[in-house]
Amino acid sequence: MPFDLTVLTPHLDTLLAGALLTAEVCALGIVGAFTLATALGLLAVGRGWAGRLARLYVDVFRNVPFVVQVFFLFYGLPEVGVYIDAFWTGVLALGLVGGAYGSDVVRSGILAIEPGVVEAAKVSGLSRLAIIRRVVLPIALRTAIRPLGSVFVNLVLSSSILSMITLDEVTGTARGVASETYRPFEVYAFLLAAYAGLTYAVSLGIDALHRRLNRHMAENGAAPGATHGVMGRTA
Amino acid sequence: MRHAGFTWHDGALLAQGLAVSLGLFAGTFLIGLVLGSGAAVVRHFRVPALGTLLHTGLELLRNSPVLVQLFLVFFGVPALIHQPLTPVFAAGLTLSANTAAFVYFIAVAGLDAVGRDQVEAARAFGLSRVQLVRHILGPQALAFAVAPLVGLAVNQLQVTSLVSVIGVVDLTKAGDILNLRTLRPFAVWAMVGVLYFAAAKTLTLLGNRWERRLRAHAAPLGL
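Conventions used here
Residues numbered from 1 in each chain as written. Chains lettered and ligands numbered in written order. Predicted model: local features only at pLDDT ≥ 70, side-chain atom pairs only at ≥ 80, totals over all residues. Heavy atoms only, no water. Phe/Tyr/Trp six-rings, centres within 6.5 Å; stacked < 30°, edge-to-face > 60°. Lys NZ or Arg CZ within 6 Å of the ring centre and 35° of its normal. Patch = residues over 30% accessible without salt bridge, like charges linked within 9 Å, V, L, I, M, F, W, Y side chains within 5 Å. Areas by Shrake-Rupley, 256 points an atom, 1.4 Å probe, with all protein chains shown as cover. Salt bridge = Lys/Arg side-chain N within 4 Å of Asp/Glu carboxyl O. Helix = DSSP H or I, 4+ residues; strand = E, 2+ residues; numbered from the N terminus. Axes fitted to C-alpha atoms, helices over the stretch in contact; angles between N-to-C directions. Parallel < 35°, antiparallel > 145°, perpendicular 65-115°, else oblique. Left-handed = near helix turned anticlockwise from the far one by under 90°. Contact = heavy atoms within 4.5 Å. Nonpolar A, V, L, I, M, F, W, Y, C, P; charged D, E, K, R; others polar. UniProt positions renumbered as here; feature names shortened; annotations may be inferred.

Novice: Before we go on, may I ask you to explain the packing of aromatic side chains in this structure?
Specialist: Where two aromatic rings form a pair, the distance of their centres and the angle of their planes describe that pair. Counted by the stated rule, this structure contains eleven aromatic pairs over all chains. An aromatic cluster of three or more residues is present, and its members are Phe-71, Phe-74 and Tyr-75 of chain A together with Trp-189 of chain B. It is Arg-62 of chain B that lies over the ring of Phe-105 of chain B; its NZ or CZ is 3.8 Å from the centre.

Novice: Mind showing me how you'd approach a nonpolar patch on the surface here?
Specialist: A surface patch of nonpolar side chains, amounting to about 340 Å² of accessible area, comprises Phe-3, Leu-5, Leu-12 and Phe-190 of chain A. Locating Leu-12 of chain A in the fold gives a position in helix H1 (residues 12–45).

Novice: How do you make sense of the packing of helix H1 (residues 8–44) of chain B against helix H6 (residues 129–159) of chain B when you look at a structure like this?
Specialist: When two helices pack together, their arrangement is captured by the angle between the axes and the distance separating the axes. Residue and element names in this part refer to chain B. Where H1 meets H6, the closest approach of the two axes is 11 Å, and the angle between their N-to-C directions is 140 degrees. As far as their axial angle goes, H6 and H1 are oblique. Crossing of H1 over H6 shows right-handed handedness. Facing H1, whose interface residues are Leu-22, Phe-25, Phe-29, Leu-33, Val-41 and His-44, H6 presents Val-133, Leu-137, Leu-149, Leu-152, Ala-153, Gln-156 and Leu-157. Here the contact of H1 with H6 is composed, by residue class, of eleven nonpolar, two polar and no charged.

Novice: Before we go on, may I ask you to explain the UniProt feature "transmembrane region" (unreviewed entry) in chain B in this structure?
Specialist: The UniProt entry lists residues 20–42, 63–82, 88–111, 132–154 and 186–206 of chain B under the feature "transmembrane region" (unreviewed entry), expressed in the numbering used here. What you have in residues 88–111 of chain B is 100% helix and 0% strand, and the ends, taken at the C-alpha atoms, are 33 Å apart.

Novice: How do you make sense of the side chain of Thr-172 of chain B when you look at a structure like this?
Specialist: Its location among the elements puts Thr-172 of chain B in helix H7 (residues 171–182). Those residues in contact with Thr-172 of chain B, other than ones at most four positions away along the chain, are Val-68 and Phe-71 of chain A together with Ser-161, Ser-164, Trp-189 and Tyr-196 of chain B.

Novice: Teacher, can you tell me more about the UniProt feature "transmembrane region" (unreviewed entry) in chain A here?
Specialist: All names here are of chain A. In this structure's numbering, the residues bearing the UniProt feature "transmembrane region" (unreviewed entry) are residues 20–44, 56–76, 82–101, 148–167 and 187–209. In residues 56–76, helix accounts for 90% and strand for 0%; the two terminal C-alpha atoms are 21 Å from one another. Across residues 187–209 one finds 100% helix and 0% strand; the C-alpha atoms that close the span lie 33 Å apart.

Novice: Explain the UniProt feature "domain: ABC transmembrane type-1" (unreviewed entry) in chain B here, please?
Specialist: Taken from the UniProt record, the annotation "domain: ABC transmembrane type-1" (unreviewed entry) applies to residues 18–207 of chain B. Across residues 18–207 of chain B, the secondary structure splits into 84% helix and 0% strand, with the terminal C-alpha atoms separated by 19 Å.

Novice: Just checking my understanding: could you explain the pattern of salt bridges for this structure?
Specialist: Between side chains of opposite charge, pairing is possible as soon as their charged atoms come close. Residues and elements named next belong to chain B. Under the definition given, this model contains seven salt bridges over all chains. Arg-181 is the partner of Asp-10 in a salt bridge, and the nearest nitrogen-oxygen pair spans 2.7 Å. Of the two residues, Asp-10 is situated in helix H1 and Arg-181 in helix H7; the sequence distance between them amounts to 171 residues. For Glu-59, the salt bridge is made with Arg-62, and the minimal N-O distance between the two is 2.8 Å. Taken together, the residues span about one helical turn, with Glu-59 and Arg-62 both in helix H2 (residues 48–62) at a distance of three residues.

Okay, here's the thing in structure tokens:
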């Protein structure tokens with residue numbers, strides 16, 4: 001059976017519907033992950049019990065496989081009376097794990113801020129909240145944009161795992177198409193290339209955003225193409 | 001009669017699953033380490049067509065979900081070559097290649113971090129390419145790469161949880177089996193999570209110790 005991608009043409013709209021669902025769950029998950037990452041990153045810098053708790057959270061979610069987390073949320077929680085459907089379980093799981101990986105990035109972004117900057121803000125009489133909102137976060141997030149982007153790209157890749165909890169996102173629909181056409185190689189090769197193309201495009205976008213946000217900073221030019229880091233892959 | 005409670009045998013099942021997960025991780029990580037660093041050396045010496053080919057292939061592996069890679073190897077390849085693959089073989093192949101892709105990019109960065117002048121000096125002394133890699137590039141690149149490699153190892157251990165989808169009875173699959181019998185998913189997945197967590201923490205601890213040893217040796221050289 002020779003390699004023939006044309007067998008996919010009748011199923012393109014099914015796959016596209018799956019891709020749309022992937023996009024939705026990922027977009028919502030990334031919004032949640034970004035919010036959680038910022039909050040946890042701010043907390044994790046602290047020395048008190050809140051900081052310790054935030055670091056413990058990150059530790060747990062980084063060291064337990066994503067599949068196990070998803071199974072726990074989808075199959076485990078109903079046992080104690082919490083029912084969430086597959087889509088929102090997916091959003092929740094992506095948000096929780098992305099928040100854990102992202103908070104490390106935000107935290108190191110905050111720790112990299114020159115102490116003098118924060119001291120100057122304090123001396124100027126800015127309130128704690130104003131310092132966080134106007135000084136700390138803008139600087140930290142600007143340097144963190146590239147590694148954060150890498151976390152989000154990994155989140156998109158991990159969303160394929162949600163097909164295991166009956167969510168028919170693009171990997172789930174691809175499984176259906178593969179068993180319908182009896183051409184699994186073509187289907188999965190196409191899917192693999194599609195994911196790679198998408199992540200590559202996103203990496204380019206993040207590179208451009210990073211350059212734009214950091215255009216005033218001369219020496220902050222990390223090696224180009226380093227967007228997609230090896231760390232922080234959720235699985 | 002339905003045996004729904006947890007028994008001592010369940011502990012054995014989980015232990016067996018954990019052993020399979022750890023074994024698969026250790027095997028594929030070692031193979032990936034060898035393949036990935038080999039590819040990085042090929043790239044470092046700018047071997048014409050092979051270097052580009054490897055780079056493109058490994059970039060593709062790094063930028064796609066492991067789950068899809070597993071499906072491609074386990075379901076796709078047999079359909080193409082008309083030859084069934086066993087789940088363990090497909091899982092081993094996929095995870096090795098996937099690890100190699102990530103190791104490759106770490107190793108490339110490590111090799112690039114070694115100064116050009118050292119390479120030139122070594123060549124001036126008449127060292128062959130093999131000697132150059134073994135005595136000059138290898139040890140220093142490893143010192144640079146050890147921290148990201150430890151991070152990758154912890155990550156790769158978690159990635160092995162995906163092989164349960166193609167029927168390998170690893171820790172996740174053991175949890176699945178246990179869950180089907182006891183119908184206590186909350187406890188089962190919490191237990192599986194704790195086991196993975198413990199394994200990952202142990203690995204991090206070992207990795208950090210190894211890193212300290214490597215760095216202690218490298219510190220006087222100003223690395």
